[in-house]
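Listed below, chain by chain, are the residues.
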Amino acid sequence: QVQLVESGGGLVQPGGSLRLSCAASGNIFSIHSMSWFRQAPGKQRELVARIGSGDSTNYADSVKGRFTISRDNAKNTVYLQMNSLKPEDTAIYYCRVILSNSYIGWGQGTQVTVSS
């Protein structure tokens, strides 16, 4: 079993920045990819950013140029640097990990609110 602990959410004004962290622990053999999703009230959960093998990255069009995903393999931790935040970025942000044995784990979510 894998545990994911997210941190870094909060309230920020439009144009501000936040950095989310997600640390994985437990029965980890090898991580295939780590991702950030978000879910706004009344909307479906959507992929925000993904980092895979060789540190290849993918981003939702809505966050390209503003968000950066990175990972520290030694710490089994993934980060999401969010700049130029907009009110429409307000959501609960979830971390997801996929291990090399196809195990999928989700974090508990962290609230990000962008408001003046």
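Residues numbered from 1 in each chain as written. Predicted model: local features only at pLDDT ≥ 70, side-chain atom pairs only at ≥ 80, totals over all residues. Heavy atoms only, no water.

1. Let's talk about the sheet that holds strand E1 (residues 2-7)
As a general point, the strands of a sheet are linked pairwise by backbone hydrogen bonds and lie either parallel or antiparallel.
Alright, step 1. The strand order across the open sheet formed by four strands is E1-E3-E8-E7, and the pairing between neighbours is antiparallel. Each edge of the sheet is formed by a strand with only one pairing partner; in this case those strands are E1 and strand E7 (67-72). Averaged over all pairs of adjacent strands, the angle between their axes in this sheet comes to 15°, without regard to strand direction. (Pairing = 2+ DSSP bridges. Helix = DSSP H or I, 4+ residues; strand = E, 2+ residues; numbered from the N terminus. Axes fitted to C-alpha atoms, helices over the stretch in contact; angles between N-to-C directions.)

2. As for unusual backbone geometry
Alright, step 1. You will see that Asp 55, though not glycine, has its phi angle at about 60°, which is positive.
Alright, step 2. Since its relative accessible area comes to 43%, Asp 55 is described here as partly exposed.
Alright, step 3. If you check the backbone angles, Asn 76 has positive phi at about 50° while not being a glycine.
Alright, step 4. By secondary structure assignment, the location of Asn 76 is in the loop between E7 and strand E8 (77-82).
Alright, step 5. For Asn 76, a relative accessible area of 24% gives the class partly exposed. (Buried < 20%, exposed > 50% of the residue type's maximum accessible area, 1.4 Å probe, protein only.)

As far as function goes, none of this settles anything; it's purely spatial.
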